[in-house]
Amino acid sequence: MYTSLNKNLTQLRLMFADSADLTIRELRLRSDKNALAALITIEGMCDKEVLAASVMNPLLAFDFGSKTGDELAASVRGSVLSSAEMIEVIEFDEAANYAVSGFAVLAFDGCKKMLAVGVQGYAFRGVEEPESEVVQRGSREGFCEPLRINMSLIRRRIKSPDLVFELMSVGEKSKTQLMLCYLKSRASEKLIQTVRTRVENCDLEAVLGAGYLSEYLEDDGGKSIFSGVGISERPDTVCGKLIEGRIAVIVDGTPAVMIVPRLFVEEFQAVDDYSNRPYYATFIRALKYMAIIVSVYLPGIYTAFAQYHPEYFPTWILIKTSESISHTPLPVTLEVLLIAFVYEIMKEAGLRIPKSLGHAVSIVGALVIGESAVNAGIISASTLMVVAVAAICSYVTSPLYPPVMTLRFLFIIVGGMIGLWGIVLASCVVVINMCSKTSLGIPYLSSLSPFARRTMRDVVLRAPWKTLSKHTIRVQNFPETEDE
Amino acid sequence: MRISVKFSSARLMLTLLLCGMSVILLENYNLAANQSLASRMLSIASGVGLCIVLFLPAAILRKNKNADICDVLKRKNRVSKTVFAIIFAVYLIFTSEYFLLKYTDMFTKKYYTDAPEWLIAVLFLAVCAYAAYRGANAVTRFSIFLFGLALIVYALIFGGAAGELKFSGEELGGGCDGFINDLLFFVTPSFAAVIFSLTSGYTEKFCLRHIFISGAALAAFFAAEEIFERFALGAYANQQEYRFFLLSKIQRLGEIKGMEAMYMAVVTTSVFCLIALSVCAVNYTAGGNVLLNSLVFPVILLVLHFCATSFISVREILSSVLVLDIFSGVAVAAILLLAVGYPNERRNHA
C-alpha cells in the first residue's frame, strides 16, 4: 500500500474496475492538519445504520489534534471506534476481500495500512424450519444462507471451547467463504487435514453452493452412485455428527451443511429416533430398510416375474396380473419403464413448477395419466401400483433418492432383459461397489460390512440412551479405516 | 477405488466357508446312489476332516511363520518360483473352471434352458472380474451380506422341508466304493486351503480356531442337506439332477413360491465369490497391473469354457471331482513344501 490516500483509492478503483457498487466516501477529519480519510464499502453489504452510528459519527466527532497518518489509524483503532471487529490490513487484496465481505474499510492519508471494520448487514432469509428434514419432536430451526448465522446456530448448541470453526475460502473468482467445523477433542487430526487439503485443492472458479464442493470431498471424486458426503439442514443433526468426530463444512450462501465422513447406515437415522422410545425408533428404522429394498427391487422383480417367471406369483395374483397385463399393448418391461419414467417427469415438474400450479399437476398426474391410462388399457393397474409403491417407498429416506432411482431403473432393465438372474448379478456389482467405497477412508458400509458389533446398537436397533451414552462412537475408530 | 487396508482373517474364512457350501449346492450325481445315512455321514465327517488336515500347511505358514505363498516365493530361486507359480496358476484356473462349468450347467438345465451357456459364462465372469478389480477386501465384505442371505434361504428351505420329513425306508447298506466316491466329493472344499494361502497376505489376526469352526459348520451343513434331501425327497431325488434345486423347488411359504430362485441367488453369489477370490489371488501373487490381471484370468476361463462346451472330453476332465482333488492334493503338498523350508517368524526376526 502507499502512504498517499489518493494512490490507494486509485488502486482500489482499478481493482474493482470502477464497479457501480463500490462506494468511496472521502472524509475530512477534525484535526489541526485537516487530515483526510476514506471509507470504502460495497453497496448492499453493510448495515447503513450501524455504519453511521458506529463508524461515521464517532470518526467525524473526534478531535484528532496534530496526529500523523499512522497515529490516526492507531488512535481510531484504540479509542475512537467501538466496533467489535476491527482488523488491520496491509495488502490491497485483503482490503478488497474485506470490503466484499461487508466490512467498511477505512483508509487514512499518510498511512500505509487500512482498517477493516465489521459492519456487515445485508438482506437474508431468517432462520426457518427446514422443509426437507421435518421432525415431530425437536427444534424447528434450520440453517439459512449467511455463514455467520449458521455458525451461531451450531455454537448455541455446543457451548464448548472445544468446538472449532476454521475459516477458508474457495473459488478463484467467487472467493466463497466456508468454515470447517469440528470438535477438537473428537475429530481426528488426520481427517481434518484431509478435508482441509481437499478444500484447498478445489480448483473451481466459482463455488455457488455446498453441492459444488461435495465431489471434491469424496474419496473417489464422486464416481460412485452413492454419496460419501452428507448434507443436513438441521443444526441439531450437525451437532450430533460433530460429537461423533465428524467434520462439518459450512459454505456461505447455502442453507445446508455438508458432513464428512458419511456412512450408508446414517441415511436411516433421524433426529426423531433419539426423541422417541427405543422400540419405536427401531421399528421405524427397520421399516426404512425394508422400504428402500422394496423401492429398489420391487419394479425389477415384478418385471422379471411377469416376463420370465410368472409361476413365482401366487395363483390369485397371477390370475389378476396376467389378466391386467394381457389387455395392454406394451410388453411389461416397457410398460414399467414408461410408468417409472412418467413418474420421474411428474416429480421433476412438481418440484420446479410454481406452488399455485402444483395442484393442477397432481390432478393431471393422478387422474389423467393414472386412471385414464388404465381405463384406456394403455397401462395395467397392477404395473401402476407396483411403480407407485416403489416411488412412495423411495421417499422414506430422501437423501438416498438419486441412487435408489438409478438402481430402480437399472433393475427394471436388467430384470426385463435377463430375469431374476440378471437382478442377482446386478446386485453383486452394486454391493461390491458399495463395499469398496470409502468416505474419508472409512468404509461406507461400516457397521454392517465390515461388521462392527459395538456400533450396531445404533444401526437397525436404537439402543436406550443409557447404553448409547456409555461409549460415544467416534467415526475414526470404525474398523478398517484407511490411511490417506 | 481399491482398498489397501488389511482385513480380519475370520472374514476370509467366512467367505471360503460360503464358497465351500457351493460344493453341495452344485452336487449332481456326484454322490453314490445307494449309500446308507450312516455311511454318508461318515464320508462327510471324513471328507471335511481331511479338508481341515489339508488346511494345516496353509495355517502353519500363516500362524507360525506369519507368511503367505508370496512371501515364501520371494526367497526362492527363479526356477522354483516358476514351478510353484505354474502349479498354483493351473490350480486356480482348474478350480474356477470346475465351478463355472458346474454352475452354467445347473443354470442352463434348471433355469434358462434356452440360454447359451457361453453367454451366461461371459456375463458371470464380467461381474467376477469387476469384483476382483475392487479387491479381496470388497469381496469378503460382500460375503457378509451373502452370509445373511444364505441364512435366510437355508432357513426357508430347511424350515419348509421339515414338515415333509418322512423317516422311513432307510436301509443299511452301501459299499466301500460308494464311501470312497462320497469321500472324494466331500474333500472338494479343500480348495479353500489353497485360496486362503494365496490371499492370506490381505488379512490379519489369523486364528487356528476359525478353521475348525468353519469345518464344523461345513460338515453340519452337508449333514443337514443330506438328511433333508434323503427324508424329504426320498429315493426319487436320486434320479434327479441337482437335488438341492429340487429341495428348494418344492418349498413354499404359504402362497409364495420361488424358493428355487433364492437357491439360485445363493449359488450364484457363492460361485461368484469363489471365482472373484481366485482372481484376487492372481492379482496378489502376480502383482503388476491389477486391471489387466483381472481381465486376463477371466478371459482364460472363458476360453477354457468354450473348449469345455465344444469338446465333451475336455468337459469331463474339467468337471471331474477326482482331478480337482488330485490338483488340491498337489497344491497343498506344494504349500507344505514351501512351509517346511521357510524359517519361522521368530527366527526370521532374529
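Residues numbered from 1 in each chain as written. Chains lettered and ligands numbered in written order. Predicted model: local features only at pLDDT ≥ 70, side-chain atom pairs only at ≥ 80, totals over all residues. Heavy atoms only, no water.

What about the overall build of chain B?
Check the secondary structure of chain B and you find 15 helices and two strands. Here chain B has a C-alpha radius of gyration of 20 Å; the compact-globule value for 350 residues is 20 Å, and the two agree. Burial statistics for chain B: of 350 residues in total, 56% are counted as buried. Long-range pairs, those at least 24 residues apart, make up 87% of the contacts in chain B between residues at least 6 apart in sequence. For chain B, the exposed area adds up to about 14100 Å²; of that, 66% sits on carbon and sulfur atoms. Of the side-chain charges in chain B, 28 are positive and 22 negative, and the distance between the mean point of each set is 14 Å. (Helix = DSSP H or I, 4+ residues; strand = E, 2+ residues; numbered from the N terminus. Rg over C-alpha atoms; globule rule 2.2 N^0.38 Å. Buried < 20%, exposed > 50% of the residue type's maximum accessible area, 1.4 Å probe, protein only. Contact = heavy atoms within 4.5 Å. Areas by Shrake-Rupley, 256 points an atom, 1.4 Å probe, with all protein chains shown as cover. Lys, Arg positive; Asp, Glu negative; His and termini not counted. Charge placed at Lys NZ, Arg CZ, Asp CG, Glu CD.)

As for the sheet that holds strand S6 (residues 163-170) of chain A
Strand pairing in a sheet relies on backbone hydrogen bonds. The paired strands run either parallel or antiparallel. Residues and elements named next belong to chain A. Within the open sheet, the five strands sit side by side as S6-S7-S9-S10-S8. Their pairing is antiparallel. Lying at the two open borders of the sheet, with one neighbouring strand each, are S6 and strand S8 (230-232). For this sheet the average axis-to-axis angle between neighbouring strands, irrespective of direction, equals 25°. Bridging between S8 and strand S10 (residues 257-260) involves three bridges; their strand directions are antiparallel. Bridge assignment links Ile231 to a residue of S10, and that residue is Met258. (Pairing = 2+ DSSP bridges. Axes fitted to C-alpha atoms, helices over the stretch in contact; angles between N-to-C directions.)

Some thoughts on the side chain of Thr199 of chain B
All names here are of chain B. In this fold, Thr199 is placed in helix H8 (residues 191-199). Using a relative accessible area of 1% as the deciding quantity, one classes Thr199 as buried. Among residues more than four places away in sequence, those in contact with Thr199 are Leu12, Leu277, Cys280 and Ala281.

Focus on the interface of chain A and chain B
Contacts between chain A and chain B engage 31 residues on the former and 37 residues on the latter. With both chains or domains summed, chain A and chain B bury close to 2900 Å², and 69% of this area falls on carbon and sulfur atoms. The tally of links from chain A across to chain B stands at two salt bridges. For Arg141 of chain B, the salt bridge identified is with Glu480 of chain A, shortest N-O distance 2.9 Å. (Buried area = accessible area lost by both parts, 1.4 Å probe. Salt bridge = Lys/Arg side-chain N within 4 Å of Asp/Glu carboxyl O.)

Concerning the packing of aromatic side chains
Aromatic ring pairs are reported here in terms of the distance separating the ring centres and the angle at which the planes meet. Residues and elements named next belong to chain A. Enumeration over the complete set of coordinates arrives at 40 aromatic pairs over all chains. Summarising the aromatic geometry, the rings of Tyr297 and Phe411 are spaced 4.8 Å apart at their centres and angled 25° between planes, so their arrangement reads as stacked. With a gap of 114 residues between them, Tyr297 in helix H9 (residues 278-307) and Phe411 in helix H14 (residues 401-418) connect regions that are remote in the sequence. Tyr297 sits in the partly exposed class, given a relative accessible area of 25%. (Phe/Tyr/Trp six-rings, centres within 6.5 Å; stacked < 30°, edge-to-face > 60°.)

Things to note about the sheet that holds strand S2 (residues 36-42) of chain A
All names here are of chain A. The sheet built from five strands is open, its strands ordered S1-S2-S4-S5-S3 with antiparallel pairing. Taken across any chain shown, the strands that pair with only one partner, and hence form the sheet edges, are strand S1 (22-28) and strand S3 (86-89). Across the sheet, the axes of successive neighbouring strands diverge by a mean angle of 25°, strand direction being ignored. In terms of strand pairing, S3 meets strand S5 (residues 114-118) through four bridges, oriented antiparallel. In the sheet register, Ile87 faces S5, and the bridge partner there is Ala116. Taken strand by strand, helix H4 (residues 92-100) contacts S2, S3, strand S4 (103-108) and S5, and its axis lies near 140° from that of S4.

Some details on helix H9 (residues 209-233) of chain B
Its 25 residues give H9 of chain B an end-to-end C-alpha distance of 35 Å, which sits within 8% of 36 Å, the value for a rise of 1.5 Å per residue. Once H9 of chain B finishes, Gly234 of chain B follows within two positions and takes phi at roughly 75°, a positive value. (Expected span 1.5 Å × (residues − 1).)

Quick word on unusual backbone geometry
All names here are of chain A. Between Val260 and the following residue, Pro261, the backbone shows a cis peptide bond with an omega angle of -10°. Topologically, Pro261 is positioned in the loop between S10 and H9. Of note, the amide linkage connecting Ser449 to Pro450 takes the cis form, showing an omega dihedral of 5°. Position of Pro450 relative to the elements: it lies in the loop between strand S12 (442-443) and helix H16 (465-468).

A look at the environment of Leu301 of chain B
All names here are of chain B. Of note, Leu301 is situated in helix H12 (residues 290-310). Separated by 289 residues in sequence, Leu301 and Leu12 have C-alpha atoms that sit 23 Å apart. When near neighbours in sequence (up to four residues on either side) are disregarded, Leu301 contacts Ile93, Ser96, Glu97, Leu125 and Ile275.

Notes on the nonpolar core
Within the largest apolar cluster, 192 residues are counted, with the highest numbers of intra-cluster contacts made by Phe88, Tyr103, Phe124 and Phe272 of chain B. Of all the elements, helix H11 (residues 259-286) of chain B adds the most residues to this core, at 18 residues. When neighbours within four sequence positions are excluded, Phe124 of chain B is seen to be in contact with Trp421 and Leu425 of chain A together with Leu100, Tyr103, Thr268, Val271, Phe272 and Ile275 of chain B. Residues Leu27, Ala37, Leu72 and Phe108 of chain A belong to the second largest nonpolar core, which totals 24 residues. (Core = buried A, V, L, I, M, F, W, Y, C linked by side-chain atoms within 4.5 Å.)

Examining the packing of helix H4 (residues 78-110) of chain B against H12 of chain B
Residues and elements named next belong to chain B. One can describe the packing of H4 onto H12 by two numbers: an axis separation of 10 Å at closest approach and a directional angle of 55°. With respect to their mutual orientation, H4 and H12 come out oblique. In this structure, H4 meets H12 at a crossing whose hand is right-handed. Residue-level contacts link Leu92, Ile93, Ser96, Glu97, Leu100, Leu101 and Thr104 of H4 to Phe297, Ile300, Leu301, Leu304, His305 and Ala308 of H12. When grouped by side-chain class, the residues that make up the contact of H4 with H12 number nine nonpolar, three polar and one charged. (Parallel < 35°, antiparallel > 145°, perpendicular 65-115°, else oblique. Left-handed = near helix turned anticlockwise from the far one by under 90°. Nonpolar A, V, L, I, M, F, W, Y, C, P; charged D, E, K, R; others polar.)

Section: the pattern of salt bridges
Residue and element names in this part refer to chain B. Following the criterion strictly, the structure yields 37 salt bridges over all chains and no others. Across the pair Lys109 and Asp105 runs a salt bridge whose closest N-O atoms are separated by 3.1 Å. Here Lys109 and its partner Asp105 are both found in helix H4, four residues apart, which amounts to about one turn of the helix. Residues joined in a network through salt bridges with shared partners are Glu27, Arg40, Asp182, Glu226, Glu229, Arg230 and Arg243.

Describing a nonpolar patch on the surface
Residues and elements named next belong to chain B. The grouping of Leu50, Val53, Leu56, Ile60, Leu208 and Phe212 at the surface amounts to a nonpolar patch, some 470 Å² of accessible area in total. Per-element accounting of the nonpolar patch gives the leading share, four residues, to helix H2 (residues 37-63). Of note, Leu56 is situated in helix H2. (Patch = residues over 30% accessible without salt bridge, like charges linked within 9 Å, V, L, I, M, F, W, Y side chains within 5 Å.)

So, the confidence of the model for chain B
When pLDDT is averaged along chain B, the result is 88, and 95% of the positions lie at 70 or above. Two numbers describe this predicted complex: its pTM, 0.88, and its ipTM, 0.92. (pLDDT = per-residue confidence, 0-100.)

With respect to empty space enclosed by the protein
Per the stated rule, a full pass over the model turns up three cavities of 30 Å³ or more. Here the largest cavity defines a volume of roughly 150 Å³. Looking at the largest cavity, it is lined by 14 residues, and the ones nearest its centre are Phe55, Ala192, Ser214, Gly215 and Leu218 of chain B. Within the residue set of the lining of the largest cavity, elements represented by two or more residues are helix H1 (9-25), H2 and H9 of chain B. Of the voids in this model, the second largest cavity is the one considered here, and its volume is about 120 Å³. For the second largest cavity, the full set of lining residues is Lys241, Glu244, Arg246, Val265, Glu266, Gln269, Ser447, Thr455, Asp458, Val459, Ile473 and Phe478 of chain A. (1 Å grid on protein atoms, 1.4 Å probe; cavity = no way out; pocket = protein on both sides within 12 Å on 5 of 7 lines; lining within 4 Å. Points joined across faces, edges and corners; volume = space filled by probe spheres on them.)

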